[in-house]
Amino acid sequence: QVQLVESGGGLVQAGGSLRLSCAASGRTFSSFVMGWFRQAPGKKREFVAAISWSSEATNSADSVKGRFTISRDNAKNTVYLQMNSLKPEDTAVYYCAADDDRKYPSRVEGAYDYWGQGTQVTVSS
């Protein structure tokens, strides 16, 4: 089993920044593709960004390109999401996810096997 715990969410004004962290435990973190998804009230969960085990490949949604950056530290079993230039439409619960089957960071929710409990990000206008 794999346990994922997100942190770093909170309330921020539009234009501000936050860094989310996701700490993994239970299995070999360095072999997983890691991803971030988000779900706004009344909407489906959507892909935000993902990163391969070696950090060589990343994938991100068009809506966050140029503003959000995903990274990982395998020595710390942690994946990060640096969020800059935040907008009110970024308000959502952000979830960390792990894929232990694939090598390339997928945008597909069903590709991920393990999920964290989520952390709330609220951006005020």
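Scroll up to find the structure this text is about.
## Description of the state of the cysteines
Thinking step 1. All told, the structure shown has 1 disulfide when counted by the stated rule.
Thinking step 2. Paired by a disulfide, Cys22 and Cys96 hold their sulfur atoms 2.1 Å apart. Residues Cys22 and Cys96 share a disulfide whose torsion about the S-S bond is about -75°; that sign makes it left-handed. Taken together, the positions of Cys22 in strand S3 (residues 18–25) and Cys96 in strand S9 (residues 92–99) put the pair 74 residues apart, joining distant regions of the chain.

## Observations regarding the packing of aromatic side chains
Thinking step 1. In this structure the tally under the stated criterion is 5 aromatic pairs.
Thinking step 2. Chaining the aromatic ring pairs together yields one cluster made of Phe37, Phe47, Tyr112 and Trp115.
Thinking step 3. For the cation-ring pair, Arg45 lies above Tyr95, with the distance from its terminal atom to the ring centre recorded as 4.8 Å.
Thinking step 4. The ring of Trp115 is capped by Arg45, whose NZ or CZ atom sits 3.9 Å from the centre of that ring.

## Here we look at the nonpolar core
Thinking step 1. Ranked by size, the top nonpolar core spans 37 residues in total, and within it Leu4, Met34, Trp36, Val79, Leu81, Met83 and Tyr94 carry the most contacts.
Thinking step 2. Of all the secondary structure elements, the ones that give two or more residues to this core are S3, strand S4 (33–39), strand S5 (46–51), strand S7 (68–73), strand S8 (78–83), S9 and strand S11 (119–124).

Reading the values: the criteria
- Residues numbered from 1 in each chain as written.
- Predicted model: local features only at pLDDT ≥ 70, side-chain atom pairs only at ≥ 80, totals over all residues.
- Heavy atoms only, no water.
- Disulfide = S-S within 2.5 Å.
- Helix = DSSP H or I, 4+ residues; strand = E, 2+ residues; numbered from the N terminus.
- Phe/Tyr/Trp six-rings, centres within 6.5 Å; stacked < 30°, edge-to-face > 60°.
- Lys NZ or Arg CZ within 6 Å of the ring centre and 35° of its normal.
- Core = buried A, V, L, I, M, F, W, Y, C linked by side-chain atoms within 4.5 Å.
- Buried < 20%, exposed > 50% of the residue type's maximum accessible area, 1.4 Å probe, protein only.

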